[in-house]
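Survey of secondary and tertiary structure
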Amino acid sequence: MNKMLFTLFIVFIITSKIISQKTEVELLFGYQKHDKRFFGISEENAEKEGNWGTSYFGFNVNRNILQSGKFRIKIGLGYARETNTYLTPYDHCFDRPNQPCSEVLTWIDKYSIDMILASFTPQLNLTKHFDLSMSMFPELYFYKEVNGFVKVSDFNFGLYSLEFNPVLEYNIGSLNIGLGFRLFQFKTIDKVYLYGNNFITKNPGYLEKKFDTHNPTKLILTAGYKIGKK
């Protein structure tokens, strides 16, 4: 019941924004390199996994809050899912912290994070058809699911990451297509993963930190449609 109420609440907010003026509905796609730092695996398995494979999909509803000449500022609200498929051990009891847990080494097949995202985007109109923006994305997770030796999921709420993404957009009427990348991020330390001795030795105090600024290359594609007046 709580999950249903939460989902209905989010749908209500997004729908309310969509029917208003000065609104843009935007699809978000991302593809990034795996983060391979945490736990060493054999060279053979590492080669099979490759360097790329973490995917990202979502949508965002933006609204202009300020426009002055060629400069505007947009704020937005939306949903996104990040899916990790890199072979690495995980804590199969992450949904029950500080409780007894069997010491079995389990490996991730797929790890997905469902998130509510907010955005703050200054944007500059360069030419008739091109805009340049710098989006700041706080992402708040509300559901994590790991498929591996056992399937484990957890409904919780917290900050997952804060990303800074420059994007160059091409506009055709009310449609726009954008290409960008992740310039920088603050990411909370994820307790789903298990961290090997080599990693902890090289990064003392890592698990006591709040944020990690490691930034695997992430490429971004956006597709948007403007509703109402600009």
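See the structure shown above.
The rules behind these values
- Numbers given to residues run from 1 along each chain, matching the order in which its sequence is written.
- Local features in a predicted model are, by the rule used here, given only for residues with pLDDT of at least 70; side-chain atom pairs are given and counted only at 80 or more, and totals for whole chains, interfaces and linings are based on all residues.
- Side-chain numbers here rest on the full set of heavy atoms in the structure, without hydrogens or water.
- Two strands pair if DSSP finds at least two bridges between them.
- The secondary structure listing takes helices from DSSP runs of H or I that are at least 4 residues long and strands from runs of E that are at least 2 residues long, numbered from the N terminus.
- Contact criterion: two residues are considered in contact whenever any of their non-hydrogen atoms come within 4.5 Å of each other.
- The rule is simple: put a 1 Å grid over the protein atoms alone, call a set of points where a 1.4 Å probe fits but cannot get out a cavity, call an open set with protein on both sides within 12 Å along at least five of seven lines a pocket, and count a residue as lining if it has an atom within 4 Å of a point.
- Grid points are joined across faces, edges and corners, and a volume is the space filled by probe spheres set on the points.
- Gly falls in the polar group here, along with every residue not listed as nonpolar (Ala, Val, Leu, Ile, Met, Phe, Trp, Tyr, Cys, Pro) or charged (Asp, Glu, Lys, Arg).
- Joining through side-chain atoms within 4.5 Å is the link that ties buried Ala, Val, Leu, Ile, Met, Phe, Trp, Tyr and Cys residues into a set, and such a set is a nonpolar core.
- Partly exposed describes any residue whose relative accessible area lies between the buried limit of under 20% and the exposed limit of over 50%, with all areas from a 1.4 Å probe on protein chains only and scaled to the type maximum.

**Brief notes about the pairing of strand β6 (residues 130-148)**
Pairing analysis gives 13 bridges linking strand β5 (residues 106-125) to β6, with the strands arranged antiparallel. Bridging from a neighbouring strand, leucine 124 pairs with leucine 132 of β6. Two successive antiparallel strands, β5 and β6, enclose a turn made up of four residues. Alignment of β6 against strand β7 (residues 151-172), held across 17 bridges, turns out to be antiparallel.

**What to know about the pairing of β7**
Following β6, the chain reverses through two residues before pairing antiparallel with β7. Where β7 meets strand β9 (residues 184-188), four bridges bridge the pair, whose relative direction is antiparallel. Each residue of the ladder has a partner; that of leucine 162, found in β9, is phenylalanine 186. In this sheet, strand β8 (residues 175-181) lies alongside β7 in antiparallel orientation, the contact comprising six bridges. Each bridged residue has a counterpart across the sheet, and for asparagine 171 the counterpart in β8 is asparagine 176. Here β7 folds back onto β8, and the loop between the two strands holds two residues, one of which, glycine 173, carries a positive phi near 65 degrees.

**Let's talk about the side chain of glutamate 26**
In this structure, glutamate 26 sits in strand β1 (residues 23-33). For glutamate 26, the contacting residues outside a window of four places in its chain are Gly58, Phe59, Asn60, Asn62, Glu169, Thr222, Ala223 and Gly224.

**Digging into the layout of surface pockets**
Space inside the largest pocket adds up to approximately 450 Å³. Lining the largest pocket are 23 residues, and of these Lys144, Ile189, Asp190, Lys191 and Val192 lie nearest its centre. Only β6 and β7 provide two or more residues apiece to the lining of the largest pocket. Split into classes, the residues belonging to the lining of the largest pocket amount to twelve nonpolar, three polar and eight charged.

**A word on the nonpolar core**
Core analysis: the biggest nonpolar cluster contains 22 residues, and Tyr111, Met115, Val146 and Tyr195 have the highest contact counts within it. With five residues, β5 is the largest single contributor of residues to this core. Here valine 146 is in contact with Tyr90, Phe94, Ile108, Lys110, Tyr111, Lys151, Val152 and Val192, once residues within four sequence places are set aside.

**Thoughts on the environment of glycine 76**
Secondary-structure assignment places glycine 76 in strand β3 (residues 71-84). Each C-alpha atom, one on glycine 76 and one on leucine 117, is 8.1 Å from the other, the two residues being 41 residues apart in sequence. When neighbours within four sequence positions are excluded, glycine 76 is seen to be in contact with Asn60, Val61, Asn62, Leu117, Ala118 and Ser119.

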